[in-house]
Amino acid sequence: MTARATLPDMEPADLVEETRGETRVLRLSGRLTMARVGAVDRALREIQPDGRDLVVDLSAVERIDTAGAWLVYRLIRNWTKAGVHATVENASADALALIGKVGEHDVPMRIRPDRGHPLVRRLAEIGDFVIRTADTFGNFLGFLGNTLVALARLLLNPRRLRWHAISRQMEVVGINAIGIVGLMSFLVGIVIAQQGAVQLRQFGAEVFTINLVGRSVLRELGVLMTAIMVAGRSGSAFAAQIGSMKLAEEVDALRTIGVSPTEALTIPRLIATAIMMPLLSFYAAILGIIGGALFSWVSLGIPIITFIQRTQEVVPLTDLWITLIKAPVFGIIIAVTGCYHGMQVTGNAESVGFRTTAAVVQSIFLVIVLDAFFAVFFSALGWI
């Protein structure tokens, strides 16, 4: 008995069924490739086990690809599951290897995995988040420790400091940010004066707008808004720059030539940010007070000279010291966070974007947490 299925092709794939005693023999010939196995596939699906052994003869097969290997493997698998002994004969070593590889990947898979109970799923997500957060925090502390050790080592040997890189980063972090920081602080001063005047007018105490603007801007908002602006502007730039260097394998090249990436990339940015943050914060506080003074002059009729004199009377010097103490700490946190996330970039450009966003978010979060800590600390010292 002979059955033939032929594809309408110049080099068709053929299927011939023969009987050899008590054994069924399927002879495949031609090219068992994706473009030529359609009819053979249909013919093989129609052949059902009848209890006799099966032999698949591949001696006449000219070429076989993954599609053809899958047909042969599926046939052997189905007949074996039906309790019939099925084998492949006269196949080349490459064909046998390909059929074996196809068989290795024949594993059951869920197209839509079982999502489980919603409560259990939420608890698992919370647990994963806590684990990731703890792991990130631990890695960050390790990076911070290595950076501070490298900084101490360089301060003991100042000749190793890269002064040109430090000055360049000071320009980028500080000088280039003067415009946006000044405008932001000036507008914040106007807003505080306007909102404060509206509320104080109810009690006939508009003159205390000077106290509100002077103390809030110099003690808190000047340094805090500056830190947020620097985190969004420079912290993200640090992460993106170092992340791009990681993708281009420039960081690995530095290690290869014996240069520490921490000393070459992190320390200059840390020193520059720690130096420029107090200057920017003081500058922002002055611009905020000027904005409040201008609004008070135009809207409340308080002369600028009176505003300045009153500010000197009601704003203690400790407020300025608090700003100058907090600013470099905020700068160090912003620089270390940006550099840390830049060093964590792996894979592709998508990782750069993710780490840049993470650097900004975590920098702002840490700045606010530290600001709250400083508020409690200085209040305990009596610097109110």
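Since the model is a prediction, treat every value here as computed from it, not as a measurement.

(A) The arrangement of the overall build of the protein in detail. When helices and strands are counted, the protein shows twelve helices and four strands. Computed over C-alpha atoms, the radius of gyration of the protein comes to 37 Å, more than 25% over the 21 Å expected from 2.2 N^0.38 for 384 residues, which places it beyond the range of a compact globule. Structurally, the protein occupies a C-alpha span of about 115 × 60 × 40 Å along its principal axes. The 384 residues of the protein split such that 43% are buried. When contacts within the protein are restricted to residue pairs at least 6 apart in sequence, long-range pairs at least 24 apart make up 78% of them. With an accessible surface of roughly 20800 Å², the protein has 64% of that area assigned to carbon and sulfur atoms. Charged side chains of the protein number 35 positive and 32 negative; the gap between the two group centres comes to 8 Å.

(B) Layout of helix α12 (residues 349–380). For α12, with 32 residues, the first-to-last C-alpha span of 47 Å sits near the 46 Å given by 1.5 Å per residue. For α12, every residue scored as buried is listed here: S351, V352, R355, T356, A358, A359, V360, S363, V367, D371, F374 and F378. Where α12 is buried, its residues contact α7 (209–247) and α11 (317–343). Its side-chain oxygen 3.1 Å from the backbone nitrogen of E350, N348 forms the N-cap of α12. One or two steps after α12, the chain reaches G382, where phi turns positive at roughly 85°.

(C) Just α7, in detail. Where α7 bends most, at V217, the angle is about 60°. E249 sits one or two positions beyond α7 and adopts a positive phi of about 65°.

(D) Molecular detail of a nonpolar patch on the surface. Together, F282, I286, I290, L294, W297, V298, L317, W321, L324 and I325 give the surface a local cluster of nonpolar side chains, amounting to about 930 Å² of exposed area. Of all elements in the fold, only α9 (261–300) and α11 reach the threshold of two or more residues within the nonpolar patch. Here the element with the most residues in the nonpolar patch is α9; it accounts for six residues. Turning to its location among the elements, I286 is positioned in helix α9. Under the relative-accessibility criterion, I286 is labelled partly exposed at 34%.

(E) View of the packing of aromatic side chains. Tallying each qualifying case throughout the model produces eight aromatic pairs. Aromatic pair F373 and F377: ring centres 6.1 Å apart, planes at 15°, arrangement stacked. Placement of the pair is F373 and F377 together in helix α12, with a separation of four residues, close to one helical turn. On the numbers, 5.7 Å between centres and 15° between planes, the contact of F374 with F378 is stacked.

(F) Looking closely at the packing of helix α5 (residues 163–173) against α9. Between α5 and α9, the least distance of the axes is 8 Å, while the angle of their chain directions is 40°. Considered as vectors, α5 and α9 are oriented oblique to each other. Judged by the sense of rotation from one axis to the other, the crossing of α5 with α9 is right-handed. Along the contact surface, α5 presents A165, I166, Q169, M170 and V173, while α9 presents P268, R269, I271, A272, T273, I275, M276 and L280. Within the contact of α5 with α9, the residues separate by chemical class into ten nonpolar, two polar and one charged.

(G) Looking closely at the pairing of strand β3 (residues 53–64). Where strand β2 (residues 23–32) and β3 come together, nine bridges link them in parallel fashion. Bridging from a neighbouring strand, L32 pairs with I64 of β3. In the classification by handedness, the crossover that spans β2, the intervening helix α1 (residues 38–46) and the parallel β3 is right-handed. One ladder, built from four bridges, connects β3 with strand β4 (residues 86–89); its direction is parallel. Bridging from a neighbouring strand, L54 pairs with A86 of β4. With respect to chirality, the unit in which β3 leads through helix α2 (residues 66–81) into the neighbouring parallel β4 is right-handed.

Calculation rules
Throughout this description, residue numbers start from 1 for each chain and increase along the sequence as written. The predicted origin of the model limits local features to residues at a pLDDT of at least 70 and limits the giving and counting of side-chain atom pairs to 80 or more, whereas totals for whole chains, interfaces and linings rest on all residues. Side-chain metrics in this entry use all non-hydrogen atoms of the structure; hydrogen atoms and water are not considered. Each helix is a run of H or I in the DSSP string that is no shorter than four residues. Each strand is a run of E no shorter than two, and both are numbered from the N terminus. For this measure, only C-alpha atoms enter the radius of gyration; the expected value for a globule follows 2.2 Å times N^0.38, where N is the number of residues. Residue exposure (1.4 Å probe, protein chains only): buried if accessible area is under 20% of the type maximum, exposed if over 50%, otherwise partly exposed. Working rule for contacts: check all heavy atoms of both residues, and any pair within 4.5 Å makes them a contact. Each accessible area is a Shrake-Rupley estimate made with a 1.4 Å probe; only the visible protein chains count as cover when residues are assessed. We count Lys and Arg on the positive side and Asp and Glu on the negative side, and we leave His and both chain ends out. Where a charge sits is defined by one atom per residue type, namely NZ (Lys), CZ (Arg), CG (Asp) or CD (Glu). Here a helix's expected span is defined as the number of its residues, less one, multiplied by 1.5 Å. The term polar contact refers here to a pair of N or O atoms within 3.5 Å; inside protein, the definition further demands a hydrogen-donor-capable atom paired with an acceptor-capable atom, and it admits residues adjacent in sequence only when both atoms are side-chain atoms. Bending is quantified residue by residue as the angle between axes fitted to the seven-residue window ending at that residue and the seven-residue window starting at it. Exposure above 30% relative accessible area and no salt bridge define the residues that can form patches, which grow by joining like charges within 9 Å and nonpolar side chains of Val, Leu, Ile, Met, Phe, Trp and Tyr within 5 Å. What makes a salt bridge here is a side-chain nitrogen of Lys or Arg within 4 Å of a carboxyl oxygen of Asp or Glu, nothing more. Aromatic rings from Phe, Tyr and Trp, with only the six-membered ring used for Trp, were paired whenever their centres fell within 6.5 Å, and each pair was classed as stacked if the ring planes differed by under 30 degrees, edge-to-face if by over 60, and tilted otherwise. To define axes, lines are fitted to C-alpha atoms, for helices over the stretch in contact only, and angles between the resulting N-to-C directions are given on a 0 to 180 degree scale. Under this scheme an angle from 65 to 115 degrees is roughly perpendicular, one under 35 degrees roughly parallel, and one over 145 degrees roughly antiparallel; angles in between are oblique. Helix crossings get a hand from a simple test, with the near helix turned counterclockwise from the far one by less than a right angle marking a left-handed crossing and a clockwise turn marking a right-handed one. When residues are grouped by polarity, Ala, Val, Leu, Ile, Met, Phe, Trp, Tyr, Cys and Pro land in nonpolar, Asp, Glu, Lys and Arg in charged, and all others, Gly among them, in polar. The rule for pairing is simple: two strands pair if DSSP sees at least two bridges between them. Crossover handedness is defined by viewing with both strands directed away from the observer: a clockwise path from the first strand over the helix to the second marks the crossover as right-handed.

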